[in-house]
Amino acid sequence: MTETADAIVIGSGALGGSVAYHLRRAGYSTLLLDRHDIASQTSPRAAGLSAVLRPSALMTRLARRGAELLLDFERETGIPIGLHRSGSLKLARSAALAEQLRQEIRRAAAYGVEARMVNAQEAARLMPLLHAEAAAAIAYFPEDLYLDPALFTSGVAEAARRLGCVSKPNTMVEEILLDGGRVCGVRTASGIISAPVVVDAAGAWARGLARSAALPMIAVRHQLVVTRPIAEVRAEQPVTRVLDANVYVRPCDGGLMLGGYESEPLLLDEPPASVEDMPLDLAILEGLAAAVRAEFPILSDLEGAKLRGGMPTMTLDDEHLIGPVPGVDGFFVIGGCNVGGLSTALSFAETLCGIIADPSAAVEIAPLLPARFAGRDIPEASLRQACRLHYGQHYWSDAARATG
Ligand SMILES: Cc1cc2nc3c(=O)[nH]c(=O)nc-3n(C[C@H](O)[C@H](O)[C@H](O)COP(=O)(O)OP(=O)(O)OC[C@H]3O[C@@H](n4cnc5c(N)ncnc54)[C@H](O)[C@@H]3O)c2cc1C
């Protein structure tokens, strides 16, 4: 007999797990399918940074809601996710990026987000390992937070399971099944599962699975290192971003985490079958550490540091892809994360579930809907160029994302 559910979620990363969690809360019988182990691919390898202030009012609203949902999650489920409302510092060396920070402070005021400029002494009081004397400007965002990505990803899948979601690891979806212009289920290696709602949360593989021209995104390698414990590090010290170097640093396991955005990233047009098959390259992190030697001399020596990486996706316009897949009723996507899909996953998923229940709600997130690309002919070379640029300039524009 064919298995059935109200909804199938493909992919048990932070985004798919969060969708399954919200769908169960809304009463949908839900299957969470993953080709690998549950919560085992890119999400648990992330940095876990979350910034409330975003380039637009819409994204700031979603990010703030995401932070609220994270703070509630531990309390409501009792599942720890290693959350620290540490605040964050952004440091600019150049006049251009100092001006960008001043614009961010103005935008924060307009959106009701706490933010202020601080001097080098105050920055050093907040983050004693930071040498900020030469900075042209430093901004402080007290509402920002970070969390443990592995605890969160497995935690949200576990929370969905406790609410009755059925998880199926090692279940690869081979095909999205259609009946006319509607989705009617999926075909897996072990059989067909029927459902009127299917959500593609397949991360690096989401585009290949959906086969929709309206999902212009490419997976990219993104890596970080975690140092051995350092005596001066405290978990409540703020996340610090050095904008000019495109580098972030935060406390992690008693040491420091360092990650960043190299200007020539490795694009993964055909992502490997598992994130474990993606080659890592410590030399890139050594280069990024050298780029912040003035601010974080302690990171000059990465001896003994642990390297990890995953495959987030960049999109043509550097915005997420959330909502109905054009042309197929009942088929939805949540992805195109632009290295910022983890910490806002609960909020993105809540929004998507609202759209699944009431399609008219989609209008509220128009800039994120895949429909914005429907009918457009996007040459692959243009897409690659845009993705490389958005990644390599992650912290450099007055619309800086600063999510990851
Ligand atoms: C080093 C690093 C640092 C990062 N830092 C941050 C940060 O600070 N803040 C932030 O918000 N984001 C950050 N990100 C980005 C974040 O990790 C991603 O946005 C997020 O993990 C995307 O989640 P996902 O659920 O789409 O992907 P994944 O976690 O990869 O989940 C997708 C799942 O789909 C499954 N799947 C794929 N195809 C199929 C199929 N055909 N059938 C069944 N299952 C399938 C996969 O097995 C996988 O488990 C970072 C990423 C990296 C790598």
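Our subject is the structure listed above.
Residues numbered from 1 in each chain as written. Predicted model: local features only at pLDDT ≥ 70, side-chain atom pairs only at ≥ 80, totals over all residues. Heavy atoms only, no water.

In terms of nonpolar packing, the biggest core is built from 67 residues, with Ile176 and Val186 touching the most fellow members. Shared between two domains, this core holds at least three residues of each, these being domain 1 (3-49 + 150-217 + 316-383) and domain 2 (84-144 + 219-313). Contacts of Ile176, omitting those with residues within four sequence positions, involve Ile10, Val183, Gly185, Val186, Val198, Leu209 and Phe331. Counting 48 residues, the second-largest nonpolar core is a separate cluster that includes Leu15, Leu23, Leu145 and Cys165. (Core = buried A, V, L, I, M, F, W, Y, C linked by side-chain atoms within 4.5 Å. Buried < 20%, exposed > 50% of the residue type's maximum accessible area, 1.4 Å probe, protein only. Domains from an automatic or database assignment. Contact = heavy atoms within 4.5 Å.)

Attention now goes to the sheet that holds strand β20 (residues 306-310). Pairing is mixed in the open sheet, where eight strands are placed in the order β6-β7-β5-β16-β17-β18-β15-β20. A strand with exactly one partner marks an edge of an open sheet, and here the two such strands are β6 (116-117) and β20. Where β6 meets strand β7 (residues 137-141), two bridges bridge the pair, whose relative direction is antiparallel. Residue pairing across strands places Met117 opposite Ala139, the latter belonging to β7. (Pairing = 2+ DSSP bridges. Helix = DSSP H or I, 4+ residues; strand = E, 2+ residues; numbered from the N terminus.)

One way to put it is that helix α1 (residues 14-25) packs onto helix α5 (residues 149-162) with a least axis distance of 8 Å and a crossing angle of 25°. Relative to α5, α1 is oriented roughly parallel. For α1 against α5, the interelement crossing comes out left-handed. Of the residues in α5, those touching α1 at Ala14, Gly17, Ser18, Ala20, Tyr21 and Arg24 are Phe152, Thr153, Val156, Ala159 and Ala160. (Axes fitted to C-alpha atoms, helices over the stretch in contact; angles between N-to-C directions. Parallel < 35°, antiparallel > 145°, perpendicular 65-115°, else oblique. Left-handed = near helix turned anticlockwise from the far one by under 90°.)

Honestly, it's all geometry; don't read function into it.
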